[in-house]
Amino acid sequence: MQTLTIDDVTVRFGKVRALESFALELHAGQVVMLAGPNGAGKSTLIRVLLGLVSPDRGALRVDGRLVRVDRAFRNRLAYLPESVAFAESLTGREVVAFFASARGVARARVDEVLERVGLADARRRAVRGYSRGMRQRLGLAVALVAPSDLLILDEPTGGLDQDALSLLWSVLDEWRAAGRIVLLASHEIALLEHRVDRLALLSEGRRVAEGTPADLRRTAGLPLRVQLELDPAAPTRDALKAALGEMGAPRFDHDATHVELELEPHALVRLFELGAERRAAIRDLRVVAPPFDEVYRRLLSEAA
Amino acid sequence: MRIPFPVGRALALHELRERTRDRWVLVISALFALLASAVGLYGRSAEGNVTAITGPSLVTLASLFVPLVALALGYDAIVGERERNTLGLLLSLPASRVEVVLAKFVGRGVALAAAVGVGLGGAMLAAAQGEARTLAALIGPTIALGLTFVSVGMLVSSLTSRQSTAASFVIALWFLLVFFYDLGLLALLVATDGAVGDGTIASLVVGNPTGLYRVTLLSALSGPSALPDLGLDVSLPSSTGRAALWLAWILGPLVLSGLVLSARRALR
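Structural notes, computed from the coordinates.

Cut-offs used in this document
Residues numbered from 1 in each chain as written. Chains lettered and ligands numbered in written order. Predicted model: local features only at pLDDT ≥ 70, side-chain atom pairs only at ≥ 80, totals over all residues. Heavy atoms only, no water. Contact = heavy atoms within 4.5 Å. Buried area = accessible area lost by both parts, 1.4 Å probe. Salt bridge = Lys/Arg side-chain N within 4 Å of Asp/Glu carboxyl O. Helix = DSSP H or I, 4+ residues; strand = E, 2+ residues; numbered from the N terminus. Expected span 1.5 Å × (residues − 1). Buried < 20%, exposed > 50% of the residue type's maximum accessible area, 1.4 Å probe, protein only. Pairing = 2+ DSSP bridges. Axes fitted to C-alpha atoms, helices over the stretch in contact; angles between N-to-C directions.

1. A short note on the interface of chain A and chain B
- Contacts between the two partners involve 34 residues from chain A and, on the opposite side, 27 residues from chain B.
- Here chain A and chain B share an interface that buries about 2600 Å² over both sides, 58% of which is from carbon and sulfur atoms.
- Among the residues of chain A in contact with chain B, A:Leu52, A:Arg71 and A:Phe98 are the three that bury the most area, contributing 25% of the side total.
- Where chain A touches chain B, the interface holds three salt bridges.
- Two residues, A:Arg71 and B:Glu99, come together in a salt bridge whose shortest N-O distance is 3.0 Å.

Set out below in structure tokens:
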């Protein structure tokens, strides 16, 4: 599977628009994130891809060919649901073995994948004795046990400790390197910014923004935060303060040594020129990008 | 060689394994086995014959316990998966929704058959020599009764959205079909002063799977006079008719369950 195209998909539940003319193209070797507030349509889109919801309109295409979500399509996908809870009385190995057997995968793969997710020692324990993080790892093992072209993860970071997060990052990297497609839905936009290749932002069933994280930062156009430490003894300090005042609305601390101001990205050039001219007056200069959740909120508010 | 229905086969085995560890199912099954063995022992010590004591007592016992075990096996089949958030995962496997329903039924049905086998097997072991063969005739209809209620439980499971609601429904159904149905028929007879025809009563009796089970086996064990002795002057359907009724009871709710699940436009 090189490309999966979600084409103009609309899903309505009565008067509720769960998805409205939603379109997205997923490419092999990319990790794509669906982000948006609750009720934005992320889960509905995932359910459309799994065949759990029939859209009112729209189509799915694999490498340009129209496809139905049938056995053949589902045989090519792996899925990790949000907060999955497997049968408490079964062991971790039995749970994974069932999914392996259902997908016609050899038993040897079960232990391999349990080892991969760090559950080798717990494989003979009943699921009722698993922590939340272990259950999430077990879900990941279920998703990874059979070879697939498309991995769908719904809120995969919930309940994961740092080790489990590292595991998830390595899984994403492996899938990307293997030229497969990963689609994940999450609220943890700041956590995942550097782990995904593209993001699609949804609001009220519509795609309001789409692109790489850097694209979305540009689209949001949020100002950068500039922090300067000035040399109180430098003769050019007053001139620098005046120049900064012309560029924006600098905030000085009580002795006017530390300055913070917000600048549009294009104003950085002028700041650096100023820094070069008044170099003696500047001890330190930092440019901080706004957190990605601010980018997210800005894009959502603009869409609203 | 490609194995046909890999998901169905794997799911049926998975269901069977899970059910054999279900505490409720184990407790009710063990209680049934214990009581059935006690009935067998009692029949032996009373030196009665199987037609007079052991058989009818086991029929009464099974008609109470087997539907309960079966409903406990069936009620969470679909709604339980939904509550655990695993229904989507299950239906994302390469299988149709009907295949999923059938596989669940097969796995749970085998668990039910095992529970019946253990219960009646215990009674047969405890019963006097020579009675075992007669008691073995109970196994088939008792499994049919159980499969009917597994199927009914699964229909309830696919129609409800919460496990607690499904549990309430099946308990109400159990009381209705096992206890109150016969009382309702009596009330009907009293209220109409016996004006309701024998044919209607016969249809109403065998229309309830528990009634069909009771009258068929009591008649078989105790002879043709058993039903008139109980005040039921009804003629039973032929063996083919009875088999058709059992099939309808087992397959009807099951097919409906598959249709309900398949017709759902949105599942979570």
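2. Digging into helix H8 (residues 139–159) of chain B
- With 21 residues, H8(B) should cover 30 Å at 1.5 Å per step; its first-to-last C-alpha distance of 30 Å lies within 8% of that length.
- With 16 of 21 residues buried, H8(B) lies mostly within the body of the structure.

3. Details of the sheet that holds strand S3 (residues 30–35) of chain A
Residue and element names in this part refer to chain A.
- The strand order across the open sheet formed by six strands is S6-S7-S8-S3-S9-S10, and the pairing between neighbours is mixed. Of all the strands in the sheet, just strand S6 (77–80) and strand S10 (206–211) have a single pairing partner and so form its edges. Sheet twist, expressed as the mean angle between neighbouring strand axes with direction ignored, is 15°.
- Judged from the five bridges that link them, S3 and strand S8 (residues 181–185) form a sheet pairing that is parallel. Bridge pairing in S8 links glutamine 30 to isoleucine 181.

4. Observations regarding the side chain of A:Glu94
- Looking at the element boundaries, A:Glu94 is found in helix H3 (residues 92–102).
- Classification of A:Glu94 by relative accessible area gives buried; the value is 16%.
- In this structure, A:Glu94 is in contact with B:Arg17 and B:Arg21, ignoring residues within four places of it in sequence.

5. Here we look at the pattern of salt bridges
- Under the counting rule described, the total for this entry stands at 36 salt bridges over all chains.
- For A:Asp7, the salt bridge identified is with A:Arg61, shortest N-O distance 3.3 Å. In this pair, A:Asp7 is assigned in strand S1 (residues 3–13) and A:Arg61 in strand S4 (residues 57–62), connecting sequence segments 54 residues apart.
- Bridged by salt links that share partners, the residues B:Glu15, B:Glu18, B:Arg19, B:Asp22, B:Asp76, B:Glu81, B:Arg84, B:Lys104 and B:Arg108 form one connected network.

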